[in-house]
Amino acid sequence: MTEPAIGFNKEGYEEYKQIAREVSRRIMNEGSHRGRWQQREGGGSGGGHTIWFTIDSVLCPETDYVAETTLVVTATWYTAGCNKTPPGANDDGTYNVYDLCNYLNGLTPTDLVSGTGRATYHYPLTGECVPKWIIDDLCPQPEC
C-alpha cells in the first residue's frame, strides 16, 4: 500500500504562491543592477560552440603543410545538441584544433594520438576574421 501524498490545502497553497511572488519581486528589485530580462532583436553571443574530441592525428609545421602544430580530431560531444553539427569541419568530418596556450609543449604526436580534450570555436578580433577551434583542455592519459 502506498503512502498518501502530502500536499498543501487551498489556504497553504495560496500562501506559498504569495511568498514565492514576494521573494521573486525582492530578488528582481533588490538593487539598481537587477532588472527583468528584455527581448532584443539580433546580436547576442548565443553561448558559443564547444566540443569534446578524440585526437586522430597531429600535423607538424616541419613535416606537413601547416603553419602551426595542428590536432586533427573527431568530435565526440557538442554543446549545441545531438542533431547539430559543429562548425568548421574538414571535408572528411574531422576538425582542426589549435593550441594558443602551449598545452602541446613537451608532447610528441605519439603521446597525443587517441587522447581526448575539449575545444571552443573562437573568432579573432585582429587580422583576418577566420575562426578556429582552440584547445581548452587536454585530458591526461592514464598510466599503467
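Residues numbered from 1 in each chain as written. Predicted model: local features only at pLDDT ≥ 70, side-chain atom pairs only at ≥ 80, totals over all residues. Heavy atoms only, no water.

A. Region of interest: the sheet that holds strand 3 (residues 95-98). Ordered in space as 1-2-3-5-4, the five strands form a closed barrel in which the pairing is mixed. Neighbour-to-neighbour, the strand axes of the sheet open up by a mean angle of 55 degrees, direction not taken into account. In this sheet, strand 2 (residues 70-78) lies alongside strand 1 (residues 50-59) in antiparallel orientation, the contact comprising eight bridges. Directly across from Trp52, in strand 2, lies its bridge partner Trp77. (Pairing = 2+ DSSP bridges. Helix = DSSP H or I, 4+ residues; strand = E, 2+ residues; numbered from the N terminus. Axes fitted to C-alpha atoms, helices over the stretch in contact; angles between N-to-C directions.)

B. Just the environment of Cys101, in detail. Looking at where Cys101 falls in the secondary structure, it is placed in the loop between strand 3 and helix 2 (109-112). Note on Cys101: relative accessible area 53%, which makes it exposed. Through-space distance from the C-alpha of Cys101 to that of Ile134 is 9.0 Å; in sequence the pair is 33 residues apart. (Buried < 20%, exposed > 50% of the residue type's maximum accessible area, 1.4 Å probe, protein only.)

C. Inspection of the nonpolar core at higher detail. Ranked by size, the top nonpolar core spans 17 residues in total, and within it Phe53, Ile55, Leu71, Val97 and Leu138 carry the most contacts. Here this core gets four residues from one element, more than from any other, and that element is strand 1. In this structure, Leu71 is in contact with Phe53, Ile55, Ser57, Val58, Tyr95, Asn96, Val97, Leu104, Leu112, Ile135 and Leu138, ignoring residues within four places of it in sequence. (Core = buried A, V, L, I, M, F, W, Y, C linked by side-chain atoms within 4.5 Å. Contact = heavy atoms within 4.5 Å.)

D. Just the packing of aromatic side chains, in detail. Under the counting rule described, the total for this entry stands at three aromatic pairs. An angle of 80 degrees between the planes, with centres 6.0 Å apart, marks the rings of Tyr95 and Trp133 as edge-to-face. Residue Tyr95 is found in strand 3, and its partner Trp133 is found in strand 5 (residues 132-138); the two are separated by 38 residues along the sequence. For the pair Tyr95 and Trp133, one class covers both residues: buried. Here the aromatic rings of Tyr121 and Trp133 are separated by 4.9 Å at their centres, their planes lie at 45 degrees, and the arrangement is tilted. Taken as a pair, Tyr121 in strand 4 (residues 116-122) and Trp133 in strand 5 lie far apart in primary sequence, twelve residues in all. The same class applies to Tyr121 as to Trp133, namely buried. Through a chain of ring-to-ring contacts, the aromatic side chains of Tyr95, Tyr121, Tyr123 and Trp133 assemble into a single cluster. (Phe/Tyr/Trp six-rings, centres within 6.5 Å; stacked < 30°, edge-to-face > 60°.)

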